[in-house]
Every structure is written in C-alpha cells, then in structure tokens.
Amino acid sequence: MQVTTRPATEEDLGPATRIVQDAYNDVRVRHGLPASIALGPPLFQAFSLTEPTSSLWVAEAEGALRGFAFSWMRQRFWFLAQLFVRPGEQSQGIGQGLMARTLHHARENGAENLALITMAYNTTSTALYIRNGLYPREPLLRLVAPARVVAERLGAAGLEVAPIEPWPASRDWLSGIDEEVLGFHRGSHHAFLLGGIAARAFRIEQAGRPVGYAYVSPTGHIGPLAVAPGTDTAEALKAVLRGALEIGSEQISMIVAGRADGTLAAAFALGFRIDEPFVLLSSRPFGTWSCYQPSNPGFM
Ligand SMILES: CC(C)(COP(=O)(O)OP(=O)(O)OC[C@H]1O[C@@H](n2cnc3c(N)ncnc32)[C@H](O)[C@@H]1OP(=O)(O)O)[C@@H](O)C(=O)NCCC(=O)NCCS
C-alpha cells in the first residue's frame, strides 16, 4: 500500500475527526476503558487552518485517509494537538511520517520548545514522542464530579469572578497572565474562545484586579484556567466553580496537574474523582503547572 502525506484541506477535517475518534476509543478499549469519546465538529482545526504557523497533515492511501496530524504554534512554542492513525493501520510507519512533517514545519518556523499532552497509559504514543525528543514532564488528571455534589459542598470563595471583556479589550491582561504562567502569549486562542465557543469566560479577581482567567464549556468542562503565581489556587477554583454551576450541566470536569496540591485537595474535598490520566511531554521544561489547568489535550 502506497501511503502519501499531504497538507489537510477543510474537506479532510470531517473524515480526520472520525479517525481521531476511532483511534482514541480503540486505545481506551485496549486499556479496559469504555469507548466513550464523542467528538464535536472540528472547530479549532478549521480555525487553525487559516493560521500560517499551524500545520495540518493527512496520510492517504487508495483514496482514503489513514492518519491525521495537527499542530499549532504561538511565538516560539509548538504544540502537537492531534496525531492519530486509523486502527488496523498502526505500527507501519504512518505516525512517524506525519510526525516528521509537523516537526519539519516547527523547525522552519523557529520553534524553541515542543510539547503535547497524551493519555498517560498510552505506551505507543509516549514511545514515539520520546524517540522524537519530547519527554514526560507533568502528570495531568482529568477529574469529574456531579454538579449536584459540588453545589452542596461549595462554600464561599475568597476570590471573585466577572465576565471577560470581549476580545480584544481583554488582550493585555490575558497576555500578561499567559506570559507569567506559560512563558508565551496566545491571543488567537483567547480570540477563538471568546468568539462564542465558551459558555462562560471568567476574569478571576482579587480586590478588583485580574489575577487569572477561566473558560467553561457548555458541557461544564473548565479550562483553560490560569492564575498568576502567588494566587490562592483553591480559592480561584471555588470562585470559578460557582460560575460554572450556573450553566446547569449535570457534571463538572477539568484537568489538573499533579503538582497543583492546593487545587487537587480542594477538588477532592468537593467530590471530584479521577476520570482519565494524561501526561505532558515537552522538549524543554516550561510553565508553572500548579497555576494552569489545560482545556483538553489538543487545545492545551
Ligand atoms: C500513536 C500513533 C499515532 C503512532 O503511529 P503509528 O503509525 O502506529 O507508529 P509508527 O509505526 O510510525 O511508529 C512510530 C514509533 O511509535 C512506537 N510504536 C509504534 N507501534 C508501537 C507498538 N505497537 N508498541 C510500542 N511502540 C510502538 C515506536 O516507538 C515506533 O518507533 P520505532 O518503531 O522506530 O521504535 C498511532 O499508533 C495511533 O494513532 N495510536 C492511537 C491514538 C494515539 O495514541 N494517538 C496519540 C494521541 S496524542
């Protein structure tokens, strides 16, 4: 079978999303988890197609897509959002071929750090990334709680939340927090979320001053959430949870780094349980992960 690799087009995004869903569920089932990943329309992928620093590739054979890779860049920071090969066609070099294309694009664009998030139980992908110079850095846990339980246990919060002003009025303070927490800013991520994707966008405030931000999806998923170092992360989380409960979803979920002691302790006291373990890999350490909750493995 002759496999060719080419840049993805908008028409590829639907079939590529099906490969992502099938391959993700296949890994889950092989690790004793339910095949419960349902993906929505590829909105962030379509948004990223228009950005020259993003890189979206498909592997094709006999007229059908076999694999998909998608990476984005912000300043000198490169992030692999998705790399998936169709089940039944894996371990034949397709994944490494796609990885090589996206890494070439990263080098051409001056990337100084490379990162991604994968399932912590996924030995195949972890091996592939280590062979490409990205090493496991941070354990990440996806946590889930029934909204009813959180509502019962949530007391008063020591910080406040207010809606984030529409983009670009909020650009300066959001960029300042990203610089402090992640080491780079990413205006177009915020523009995407504030353009109607997030159900709620919160500015976390202390004495009227912004000390963080958090987005909440229509399904009650919190993230990305960032607070300036030195902020009480447990109080920030409680303030965001108050706002998140207003959405009325049945459950609340979020991804928290292992080193975020205060956030994890508060989350477990509020009824959260571990749903899925992930791991952050990168070519160089970066970020203050006790102050950051990524949205999902693709958006970061
Ligand atoms: C992970 C994935 C993209 C790799 O693509 P692939 O086409 O299967 O992999 P390749 O044949 O190109 O192999 C690349 C490297 O992956 C690792 N690998 C591949 N198959 C493996 C297996 N069965 N067991 C362990 N490691 C394996 C090896 O390190 C390999 O390099 P090497 O053979 O030189 O040692 C693909 O298997 C996949 O889609 N898996 C399910 C979804 C997933 O895990 N996606 C990543 C989410 S971030």
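Only a predicted model underlies this, so the values are computations on that prediction, with no experimental measurement involved.

Chemist: Would you mind going over helix α8 (residues 233-245) in detail, with residue names and values included?
Modeler: Side chains that are three or four residues apart share a direction in an α-helix, a result of its 3.6 residues per turn. For α8, built from 13 residues, the straight-helix expectation of 18 Å at 1.5 Å per residue is met to within 8% by its first-to-last C-alpha distance of 18 Å. The buried count for α8 comes to ten of 13 residues, which makes it a mostly enclosed element. Taken as a whole, α8 has its buried residues at Thr 233, Ala 234, Glu 235, Ala 236, Leu 237, Ala 239, Val 240, Leu 241, Gly 243 and Ala 244. One side-chain oxygen of the residue at the start of α8 lies 3.1 Å from the amide nitrogen of Ala 234, identifying that residue as Asp 232.

Chemist: Can you tell me about the side chain of Asn 113, naming the residues and giving the values?
Modeler: Take Asn 113: it is sitting in strand β5 (residues 113-119). On the basis of relative accessible area, Asn 113 is assigned to the buried category, the value being 5%. Here the side chain of Asn 113 touches Ser 283 through a polar contact of 2.9 Å, side chain to side chain. In this structure Asn 113 touches Arg 76, Phe 77, Trp 78, Ser 282, Ser 283, Arg 284, Pro 285 and Phe 286, once residues within four positions along its chain are discounted.

Chemist: Help me get a handle on the site of the ligand, residues and values and all.
Modeler: If you check the shell around the ligand, you find 20 residues, and the closest are Val 85, Ser 91, Gly 93, Gly 95 and Asn 122. Contact distances for the ligand include 3.5 Å between a nitrogen atom and a side-chain N or O atom of Gln 90. Contacts to the ligand include Gln 92, whose backbone N or O atom sits 3.1 Å from an oxygen atom. The fraction of the free accessible surface of the ligand (920 Å²) that becomes covered by protein chains is 74%. Secondary structure elements with two or more residues in the shell around the ligand: β4 (77-85), α3 (94-108), β5 and α4 (123-131). Sort the elements by how many residues they give to the shell around the ligand and α4 lands first, with six residues.

Chemist: Account for the nonpolar core, with residues named and values stated.
Modeler: By size, the foremost hydrophobic cluster in this structure holds 78 residues, and its most contacted members are Phe 68, Tyr 213, Ile 222, Leu 241, Phe 272 and Met 300. Ranked by the residues each element gives to this core, the list is headed by helix α1 (residues 13-30), at seven residues. Counting the residues that make up this core, at least three belong to each of domain 1 (4-111) and domain 2 (142-293). With sequence-adjacent residues up to four places away left out, Phe 68 is seen in contact with Ala 8, Leu 13, Ala 16, Val 20, Gln 45, Leu 56, Trp 57, Val 58, Gln 82, Leu 83, Phe 84 and Leu 98. Among the nonpolar cores identified, the runner-up in size contains 20 residues, and Trp 57, Leu 114, Leu 134 and Leu 281 belong to it.

Chemist: For the domain arrangement of the protein, give the residues involved together with the corresponding values.
Modeler: The domain boundaries assigned to the protein delineate domain 1 (4-111) and domain 2 (142-293). On the side of domain 2, eleven residues touch domain 1, which itself brings ten residues to the contact. A per-residue breakdown of the area domain 1 buries against domain 2 is headed by Arg 74, Gln 75 and Phe 77, which together make up 44% of the total. Counting across the domain 1 and domain 2 interface gives one salt bridge. Among the ionic pairs, Glu 276 bridges to Arg 28, the shortest N-O distance being 3.1 Å. Inspection of the region where domain 1 meets domain 2 yields six residue pairs in polar contact (both at pLDDT 80 or more). Put simply, the parts of the chain that give the side of domain 1 that touches domain 2 at least two residues each are α1, α2 (43-49) and β3 (64-74).

What counts, and at which threshold
- Residues numbered from 1 in each chain as written.
- Predicted model: local features only at pLDDT ≥ 70, side-chain atom pairs only at ≥ 80, totals over all residues.
- Heavy atoms only, no water.
- Helix = DSSP H or I, 4+ residues; strand = E, 2+ residues; numbered from the N terminus.
- Expected span 1.5 Å × (residues − 1).
- Buried < 20%, exposed > 50% of the residue type's maximum accessible area, 1.4 Å probe, protein only.
- Polar contact = N/O pair within 3.5 Å; in protein donor to acceptor, adjacent residues only side chain to side chain.
- Contact = heavy atoms within 4.5 Å.
- Near = heavy atom within 4 Å.
- Areas by Shrake-Rupley, 256 points an atom, 1.4 Å probe, with all protein chains shown as cover.
- Core = buried A, V, L, I, M, F, W, Y, C linked by side-chain atoms within 4.5 Å.
- Domains from an automatic or database assignment.
- Buried area = accessible area lost by both parts, 1.4 Å probe.
- Salt bridge = Lys/Arg side-chain N within 4 Å of Asp/Glu carboxyl O.

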